[in-house]
Structure formats: structure tokens, C-alpha cells
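Inside the fold
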Amino acid sequence: MSQVPITVDHVRDLLPEAGEIARKDLCDSVLDVWVRAWRSSAWQQLSDVPKSVDLPSSRTLTTHSRAVARMSAQMADTVTQLHGIAVDRDAVLAIALLHDVCKIHEFEPAPAGGGQWSTPGRRFQHGFLSAHWMLEAGMDDDLVHAVIAHTPHSSVVPQTQEAVIVHYADFADSDAQLLDAGQRLFCKRRP
Ligand SMILES: [Fe+2]
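Residues numbered from 1 in each chain as written. Predicted model: local features only at pLDDT ≥ 70, side-chain atom pairs only at ≥ 80, totals over all residues. Heavy atoms only, no water.

Turning our eyes to something else, we now look at the coordination of the iron ion. Bound to the iron ion are the protein donor atoms Asp100 (OD), His126 (NE2) and His150 (NE2), situated 1.9 to 2.1 Å from the metal. Residue His126 is classed as buried on the basis of its relative accessible area of 16%. You can call His150 buried: its relative accessible area is 1%. (Donors = N, O, S within 2.8 Å, 3.2 Å for Na, K, Ca; no water. Buried < 20%, exposed > 50% of the residue type's maximum accessible area, 1.4 Å probe, protein only.)

Listed below in C-alpha cells is the structure:
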């Protein structure tokens, strides 16, 4: 398939949950980071980037990001409504949509189709590039912290409600897909 134009509008179409972010500047920053990551990557189609090289290639990064955004927003609403705990819903959506954007560079197209680990993917800790691009975009440290803390590869423990929520939403969606594929669940892995 030929290269599609790498535009904010195309990314917005692939990530409609970004439209739920009420603060326009935050929504714009989320989409800009995705465009920047895609433009500098080896992927012609953003929708071809896999969620994991261990899952079928039909399990894509954009769909995982959407699922984590939806789950996170619903978790934020529940925690606020039932426990009265304040959660920044816009921040939760932004963190969820950006937590794995680094995979656009951590994976590269494989000759036989699908994805494979890239050199940066083998050399950089997961989440580092997402955080780097977010800082370049001038995003808040709280958002960057949550992305750094989302992965079990990080020694940083989630220290905000928003970071806790996205951490568990990511595990829930990842383990649903791993169980479906007959793979070992994240929740039973040990470093
Ligand atoms: Fe991740």
C-alpha cells in the first residue's frame, strides 16, 4: 500500500478518542506527537504498527491506544463518581493515547510483513521516546511521569491518580489480548 499523507487529520481519524480531550491545546499536542513520531519512522501506514511483535499483526498500536484511552476514561469517571477522588480526565486521555507512541520507532516493518524490533527498540527503554517527544512538545511533567511509569520495565512507581489509572488500563487491555492469543499474561510476569 502506498504512503498516505502524514497529517493531523489522518491521525485524528485513527484516534477518535483524542476528540474527547476538552482542552484544545492538550488535544493538539497529543496529535502533534503522533504525527512527529510517524513522520520520522519507517512506517508508511500508521495503522500497520503492531501493538506487540508477540501478538498477531491484526492487533495494532492505534487500536490498543484507543482501548486504553476508553478504559482509562471510564475508570476515571468511576473513581470520581463513586469515591469522590478528583481525576483529570483530559490528562488521563492524553496519557493513555501517548503511553505507547514510542512503539512507532521501537518496531519497524518486517520483510515478511508485520513488525519486528528496531535498533532503537532494542537499545532504548520502553517509554523513553514517548516521554522525550512529549517534553519536546512542551507537555507537563505530570503527563510525562505517567508515561514513564506505565511500563513494568520502569522502576518509577505511578505517583498520580492519572498515572495509576493508565497503568492498570494498559495491563487490562494487554492481558485481554495476550489471553486471547494464548500468551503469558503481564500480571503473572516477574522482572
Ligand atoms: Fe507500553
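Now that the structure has been shown, we can carry on.
It is worth spelling out the packing of aromatic side chains at this point. With the rule as written, the count across this model stands at three aromatic pairs. Plain terms: the ring middles of Phe107 and Trp117 are 4.9 Å apart, the flat faces sit at 70° to each other, and that makes the pair edge-to-face. With Phe107 in strand 1 (residues 107–109) and Trp117 in strand 2 (residues 115–117), this pair connects stretches of sequence that are 10 residues apart. For the ring pair Phe171 and Phe186, a centre distance of 5.7 Å and an interplane angle of 10° mean the geometry is stacked. With a gap of 15 residues between them, Phe171 in helix 9 (residues 161–180) and Phe186 in the segment after helix 9 connect regions that are remote in the sequence. You can call Phe186 partly exposed: its relative accessible area is 25%. (Phe/Tyr/Trp six-rings, centres within 6.5 Å; stacked < 30°, edge-to-face > 60°. Helix = DSSP H or I, 4+ residues; strand = E, 2+ residues; numbered from the N terminus.)

Attention now moves to a nonpolar patch on the surface. Side chains of Met75, Val164 and Tyr168 sit close together on the surface and give an oily, nonpolar patch of about 250 Å² of accessible area. Tracing the backbone through its elements, the reader meets Tyr168 in helix 9. (Patch = residues over 30% accessible without salt bridge, like charges linked within 9 Å, V, L, I, M, F, W, Y side chains within 5 Å. Areas by Shrake-Rupley, 256 points an atom, 1.4 Å probe, with all protein chains shown as cover. Salt bridge = Lys/Arg side-chain N within 4 Å of Asp/Glu carboxyl O.)

Our next topic: helix 2 (residues 24–39). With 16 residues, helix 2 ought to run about 22 Å at 1.5 Å a step, and its terminal C-alpha atoms sit 22 Å apart, in line with that. Turning to helix 2, its buried residues number three or more, namely Leu26, Cys27, Ser29, Val30, Leu31, Val33, Trp34, Val35, Ala37 and Trp38. Contacts made by the buried residues of helix 2 are with helix 1 (8–14), helix 3 (61–83), helix 4 (89–98), helix 5 (103–106), helix 7 (128–136) and helix 8 (141–149). (Expected span 1.5 Å × (residues − 1). Contact = heavy atoms within 4.5 Å.)

Once that is clear, we can look at the pattern of salt bridges. Tallied over the full model, the rule gives 11 salt bridges. Here Arg66 and Glu17 are joined by a salt bridge, their closest N and O atoms 2.8 Å apart. Separated by 49 residues along the polypeptide, Arg66 in helix 3 and Glu17 in the loop between helix 1 and helix 2 bring together distant segments of the chain. Owing to a relative accessible area of 25%, Arg66 belongs among the partly exposed residues under this scheme. Under the relative-accessibility criterion, Glu17 is labelled buried at 5%. One salt bridge connects Asp77 with Arg89, and the closest N-O pair in it is separated by 2.9 Å. With a gap of 12 residues between them, Asp77 in helix 3 and Arg89 in helix 4 connect regions that are remote in the sequence. According to the relative accessible area criterion, Asp77 is partly exposed, its value standing at 25%. One continuous salt-bridge network, built from bridges that share partners, spans Glu17, Arg66 and Arg70.

Put simply, helix 3 and helix 4 touch, their axes get as near as 8 Å, and they point 155° apart. When the interaxial angle is binned, helix 3 and helix 4 end up roughly antiparallel. When you trace helix 3 past helix 4, the crossing you get is right-handed. When helix 3 is examined against helix 4, the residues Ser65, Val68, Ala69, Ser72, Ala73, Ala76 and Asp77 are found in contact with a partner set consisting of Arg89, Val92, Leu93, Ala96 and Leu97. (Axes fitted to C-alpha atoms, helices over the stretch in contact; angles between N-to-C directions. Parallel < 35°, antiparallel > 145°, perpendicular 65-115°, else oblique. Left-handed = near helix turned anticlockwise from the far one by under 90°.)

Before going further, it helps to spend a moment on the side chain of Ser130. Relative to the assigned elements, Ser130 resides in helix 7. Judged by its relative accessible area of 0%, Ser130 falls in the buried class. Look past the residues within four positions of Ser130 in its chain and what remains in contact with it is Leu98, His99, Asp100, Val101, Cys102 and Val147.

So, on to the environment of Leu129. Looking at the secondary structure, you find Leu129 in helix 7. The class of Leu129 is buried, set by a relative accessible area of 8%. Considered as a pair, Leu129 and Ala37 are 92 residues apart in the sequence and their alpha carbons are 9.0 Å apart. In this structure, Leu129 is in contact with Cys102, His105 and Phe124, ignoring residues within four places of it in sequence.

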